[in-house]
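Fold and geometry: a report
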Amino acid sequence: MPQDKTGESRGFSSSKLAVLRKHPIFSDLDPEAFDQLCRYAKYSTLKRGATIYSKGEPGNSLVAVISGTVKISVSSSDGRSAILNLIGPGEIVGEVAVLDGQARTADCTANTNCEIFIIDRREFLPFVRSQPALAMKFIELLCTRVRWTSDQVEQVILQNLPGRLASALVRLTEKHKLEPAGRTIAVTQQEISEMVGMTRESINKQLRVWAARNWVRLEHGAIVVLNIEELRALAEAGGDEGD
């Protein structure tokens, strides 16, 4: 867990607290309860590549992302890695181990320069027990995580490369609620390859085919979705592009 904490909640700007407030988990908390939660939050800035926590470590804290993106991933002994999720501003991560008291199930890394809040489990669990509605919100969040994981497993098992890639782009677009005029996904082709379980070369080849059709536009470190309807239809068809 990062140690470069730079202040307590009383020193945070209102804009940073507003990011936390907008999360569906915390949006319905009454002002007094939210102020109490903020007193527990510790602020930290991270450089890209910094480890937030590692698989197998004790789940001692909840992490809320204020700016930037964090990566949830697992790796094998031979150096292969798979990205399970990308967590952006206003999202939280680490809730599973915090709630059940078991070890972390994956690695969590700063995928870009980040600002985060860290809330210690020893303070967070009593707070959740004092807010029954909050406990229900966490049940809903865990159900969302299970559905996300189930969709990923289904795609890897049942879909071919075009279907997996289309599903990933649609999922990332919808997850971050990107507007039609600005569907820019800040993700590299290597990261996409680790999300769908295919080589970067295969990903690049398929993206170039779609770029020629004006479905996507390739930028440095990003993919711009131009025609999500075609990608969604391809994902729903399992990747069968027909002719």
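This write-up is about the structure you can find in this document.

The rules we used
- Residues numbered from 1 in each chain as written.
- Predicted model: local features only at pLDDT ≥ 70, side-chain atom pairs only at ≥ 80, totals over all residues.
- Heavy atoms only, no water.
- Helix = DSSP H or I, 4+ residues; strand = E, 2+ residues; numbered from the N terminus.
- Buried < 20%, exposed > 50% of the residue type's maximum accessible area, 1.4 Å probe, protein only.
- Contact = heavy atoms within 4.5 Å.
- Areas by Shrake-Rupley, 256 points an atom, 1.4 Å probe, with all protein chains shown as cover.
- Pairing = 2+ DSSP bridges.
- Axes fitted to C-alpha atoms, helices over the stretch in contact; angles between N-to-C directions.
- Phe/Tyr/Trp six-rings, centres within 6.5 Å; stacked < 30°, edge-to-face > 60°.
- Lys NZ or Arg CZ within 6 Å of the ring centre and 35° of its normal.
- Disulfide = S-S within 2.5 Å.

Take the overall build of the chain next. Along the chain, the regular secondary structure elements total nine helices and twelve strands. Classification of the 243 residues of the chain by burial places 45% in the buried group. Summarising the internal contacts of the chain: among those between residues at least 6 apart in sequence, 73% fall at separations of at least 24. Accessible surface for the chain amounts to roughly 12600 Å². Of this, 51% is attributable to carbon and sulfur atoms.

Before going further, it helps to spend a moment on the sheet that holds strand S6 (residues 81-87). As summarised here, the arrangement of the four strands in space is S3-S8-S5-S6, forming an open sheet in which the pairing is antiparallel. Unpaired on one side and paired on the other, strand S3 (51-53) and S6 mark the two borders of the sheet. When strand polarity is set aside, the average angle formed by the axes of neighbouring strands in this sheet is 30°. As paired elements, strand S5 (residues 70-75) and strand S8 (residues 107-110) share four bridges and run antiparallel to each other. Residue Ile72 lies in a different strand from S8, and its bridge partner there is Cys108.

Time to look at the environment of Ile185. Assignment of secondary structure puts Ile185 in strand S10 (residues 184-185). Overall, Ile185 belongs to the buried group, its relative accessible area being 5%. Between the alpha carbons of Ile185 and Thr173 there is a distance of 6.9 Å; along the sequence they are twelve residues apart.

One pass over the structure, following the stated rule, counts four aromatic pairs. Relative to Phe127, the ring of Tyr40 lies with its centre 6.2 Å away and its plane at 80°, an arrangement referred to as edge-to-face. Linking Tyr40 in helix H2 (residues 31-40) with Phe127 in helix H4 (residues 121-129), this pair joins segments that are 87 residues apart in sequence. Both rings, one in Trp210 and one in Trp215, keep their centres 5.9 Å apart while their planes meet at 35°; by these two values the pair is tilted. Take Trp210 and Trp215: they sit in the same class, and that class is buried. Over the face of the ring belonging to Phe34 we find Arg21, whose NZ or CZ atom lies 4.5 Å from the ring centre. The ring centre of Trp215 lies 5.0 Å from the NZ or CZ of Arg213, which sits over that ring.

A separate point is the pairing of S8. Pairing geometry for S3 and S8, over two bridges, is antiparallel. By the bridge assignment for S8, Thr51 is matched with Thr109.

Let us look at unusual backbone geometry. The phi dihedral of Asn214 falls on the positive side, at around 65°, and the residue is not glycine. With respect to the element layout, Asn214 can be found in the loop between helix H8 (200-212) and strand S11 (216-219). We classify Asn214 as exposed; its relative accessible area is 55%.

With that settled, consider the state of the cysteines. All told, the structure shown has zero disulfides when counted by the stated rule. Of the cysteine sulfurs around Cys108, a residue in no disulfide, the closest is that of Cys114, at 8.5 Å.

Across the sheet, which stays open at both edges, the three strands sit in the order S10-S12-S11 with antiparallel pairing between neighbours. Lying at the two open borders of the sheet, with one neighbouring strand each, are S10 and S11. Where S11 lies against strand S12 (residues 222-225), four bridges are found, and the strand directions are antiparallel. Bridge pairing links Arg217 to Val224 in S12.

Once that is clear, we can look at the pairing of S5. In the case of a regular strand, side chains alternate between the two sheet surfaces. Two elements, S5 and S6, share six bridges in a ladder whose sense is antiparallel. Counted as the bridge partner of Ile72 is Asn85 from S6. A loop of five residues connects S5 with S6, the two strands running antiparallel in sequence, and Gly79 in this loop sits at a positive phi of about 95°.

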